[in-house]
Amino acid sequence: MTSDHFTILLGGDIVVTERLRRAVAGSRVIAADSGMKHARPLGLQPELWVGDFDSADAFLVQEWPDVPQQPFPAAKGETDGEIAVSEALARGAKRLTLVGALAGERSDHAQFHLLYAVALAERGFEVMLTSGNEEAFPLIEGELALDLPRGSLFSVAGFTALSGLDIESARYPLSDFALAFGSSRTMSNVAEGDIRLRLKSGKAIVLARPYDLTGA
């Protein structure tokens, strides 16, 4: 395969939705430890399985005997997900879809995935994080367009103070807005069609709930 789009299967919970299936279609796949559990429900065939295998049970290992494994010791300086992303980048990835990145028992892992996505975006990579029901996209200096259903909820969470924030095609549009660090001003907006965001400076994440139409 020559695709530069890689799906990274992480251990967080997912709901298999049509948007999730479309997001991973045609991509190359690397599983991180127990993230392999998502391969079968999504109809994916990973080309590599990495991690310390402390959360992948014996049944899962037996289910995928032909996928090359790259084991790492439990005492390591990176998460299994970061290792999986590094392997994807070494194989030419330019676009990354992190499945199972937003939910599960470990909120510290979910928080790291959001921060890591912003760091990857700063290096020029296109990144999407998804649980199926929820999606997240880094927002850094520049422009971001998202195809969200009309009436679906989205929020912009600033990891720094933001300046020059524009939000278009939303119920609560903004133009050249300055968002103080820690402000909730950009939470719980509603898409009025495909939304477009622009940012002059700062770092943020856009969290979207495409199947949540309570704002309609």
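Residues numbered from 1 in each chain as written. Predicted model: local features only at pLDDT ≥ 70, side-chain atom pairs only at ≥ 80, totals over all residues. Heavy atoms only, no water.

(A) Spatial organisation of the overall build of the protein. The secondary structure content of the protein amounts to five helices and 13 strands. Expected size for 216 residues packed as a compact globule is a radius of gyration near 17 Å; at 18 Å, the protein falls within 12% of this value. Oriented by its inertia axes, the alpha-carbon framework of the protein measures out at about 55 × 35 × 35 Å. Of all 216 residues assigned to the protein, the portion counted as buried reaches 49%. Taking all contacts inside the protein whose residues are at least 6 apart in sequence as the whole, residues at least 24 apart take part in 64%. (Helix = DSSP H or I, 4+ residues; strand = E, 2+ residues; numbered from the N terminus. Rg over C-alpha atoms; globule rule 2.2 N^0.38 Å. Buried < 20%, exposed > 50% of the residue type's maximum accessible area, 1.4 Å probe, protein only. Contact = heavy atoms within 4.5 Å.)

(B) Focus on the pattern of salt bridges. Summed over all chains, the structure comprises 15 salt bridges. In this structure, R28 engages E47 in a salt bridge whose closest nitrogen and oxygen atoms are separated by 2.9 Å. You can see R28 sitting in strand β2 (residues 28-32) and its partner E47 sitting in the loop between α2 (39-42) and β3 (48-51), a full 19 residues away along the chain. Owing to a relative accessible area of 13%, R28 belongs among the buried residues under this scheme. Accessibility expressed as a relative area gives 25% for E47, which makes it partly exposed. Ionic pairing is found between E192 and R150, a salt bridge with its closest N-O pair at 3.4 Å. Of this pair, E192 sits in strand β12 (residues 189-199) while R150 sits in the loop between β8 (142-146) and β9 (153-158); the two residues are 42 residues apart in sequence, bridging distant segments of the chain. Under the relative-accessibility criterion, E192 is labelled partly exposed at 27%. (Salt bridge = Lys/Arg side-chain N within 4 Å of Asp/Glu carboxyl O.)

(C) Just helix α5 (residues 107-122), in detail. Between its terminal C-alpha atoms α5 stretches 23 Å, which fits the 22 Å expected from 16 residues at 1.5 Å a residue. For α5, the set of buried residues is A110, H113, L114, Y116, A117, V118, L120 and A121. At its buried positions, α5 is contacted by α4 (80-90), β5 (95-99), β6 (126-130), β7 (135-139) and β13 (204-209). Following α5 by one or two positions, G124 has its phi on the positive side, about 100°. (Expected span 1.5 Å × (residues − 1).)

(D) Region of interest: unusual backbone geometry. Unusually for a residue other than glycine, S169 sits at a positive phi of about 60°. With respect to the helices, strands and loops of the structure, S169 is situated in strand β10 (residues 162-170). A positive phi angle is found at S188, which is not glycine, with a value near 60°. As for its position among the elements, S188 is in the loop between β11 (174-179) and β12.

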